Amino acid sequence: MLLQNLVPLAVLGAILVLFGTGVKVGLARGRYNIKAPAISGHPDFERAYRVQMNTVEQAIIFFPALWLCATYFRADVAGIAGLVWVIGRIWYALGYYRDAAKRGAGFMVSVIAFGALLACGSFGLIRQLF
């Protein structure tokens, strides 16, 4: 039962991370009086904004890779890698919020998870074509 729900759990986790980073930016705008459309000002706001934007940029390639892996390789592998991506993005965000220099480990975890999704999905698709 749990294995068949790993992909939806990863999708839900990713959506919550995207929503949470957006809320963090909104709160930082209010706290540091950064009026839209400005994207610079207080360093804490700028870090929150960069976390959100980088997470959105990564999500654009994460969701199709998750689908590709779940469809053409194995859904359980896709779900596990997807959840690792979510954990990596949370780790990245928490590190970046504290100090931009502390974002690297979380970023690498999410990149490795994305790479696994893309590699497995591509392999599964190519295997099916030939």
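Residues numbered from 1 in each chain as written. Predicted model: local features only at pLDDT ≥ 70, side-chain atom pairs only at ≥ 80, totals over all residues. Heavy atoms only, no water.

Trainee: Teacher, can you tell me more about the overall build of the protein here?
Mentor: From N to C terminus, the protein includes four helices and zero strands. Starting at the N terminus, the α and β elements of the protein follow one another as α-α-α-α. Overall size of the protein, expressed as C-alpha extent along the three principal axes, is 55 × 25 × 25 Å. For the protein, buried positions account for 36% of its 130 residues. Intrachain contacts of the protein at a sequence separation of at least 6 include 67% that bridge at least 24 residues. For the protein, the accessible surface area stands at approximately 7400 Å², while carbon and sulfur atoms represent 70% of it. (Helix = DSSP H or I, 4+ residues; strand = E, 2+ residues; numbered from the N terminus. Buried < 20%, exposed > 50% of the residue type's maximum accessible area, 1.4 Å probe, protein only. Contact = heavy atoms within 4.5 Å. Areas by Shrake-Rupley, 256 points an atom, 1.4 Å probe, with all protein chains shown as cover.)

Trainee: Looking at this structure, how should I read helix α2 (residues 43-72)?
Mentor: Residues spaced three or four apart along an α-helix point in a common direction, a consequence of the helix completing one turn every 3.6 residues. Taking 1.5 Å of rise per residue, 30 residues should cover 44 Å, and α2 covers 43 Å from first to last C-alpha, within 8% of that figure. In the structure, α2 departs most strongly from a straight axis at A59, where the bend amounts to approximately 30°. (Expected span 1.5 Å × (residues − 1). Bend = angle between axes of the 7 residues up to and from the residue.)

Trainee: It is not clear to me how the side chain of S110 should be interpreted in this structure. Could you clarify?
Mentor: Here S110 shows up in helix α4 (residues 104-129). Leave out the neighbours within four places in its chain, and S110 touches W85, G88 and R89.

Trainee: Explain the environment of L6 here, please?
Mentor: Tracing the backbone shows L6 in helix α1 (residues 6-31). The class for L6 is buried, based on a relative accessible area of 8%. Sequence separation of L6 and L83 is 77 residues, and the distance between their C-alpha atoms is 7.7 Å. Once you skip the residues sitting within four places of it in the chain, L6 turns out to touch D76, G79, I80 and L83.

Trainee: Got a minute to help me understand the environment of V109 in this structure?
Mentor: Here V109 lies in helix α4. With 25 residues separating them along the chain, V109 and V84 place their C-alpha atoms 7.2 Å apart. The contact partners of V109, leaving out residues within four places of it in the chain, are V84, G88 and W91.

Trainee: Explanation requested: a nonpolar patch on the surface in the structure shown.
Mentor: Where nonpolar side chains cluster on the molecular surface, the patch consists of L2, L9, L12 and L16 and spans about 390 Å² of accessible area. Take L16: it is sitting in helix α1. (Patch = residues over 30% accessible without salt bridge, like charges linked within 9 Å, V, L, I, M, F, W, Y side chains within 5 Å. Salt bridge = Lys/Arg side-chain N within 4 Å of Asp/Glu carboxyl O.)

Trainee: Is there a simple way to explain the pattern of salt bridges in this structure?
Mentor: Per the stated rule, a full pass over the model turns up three salt bridges. A salt bridge links E57 to R50; the shortest N-O distance between them is 3.8 Å. Of the residues examined, E57 reaches a relative accessible area of 40% and is grouped as partly exposed. Between D76 and R74 there is a salt bridge, and its shortest N-O distance comes to 2.6 Å.

Functional significance is not addressed by these values, which are geometric in nature.
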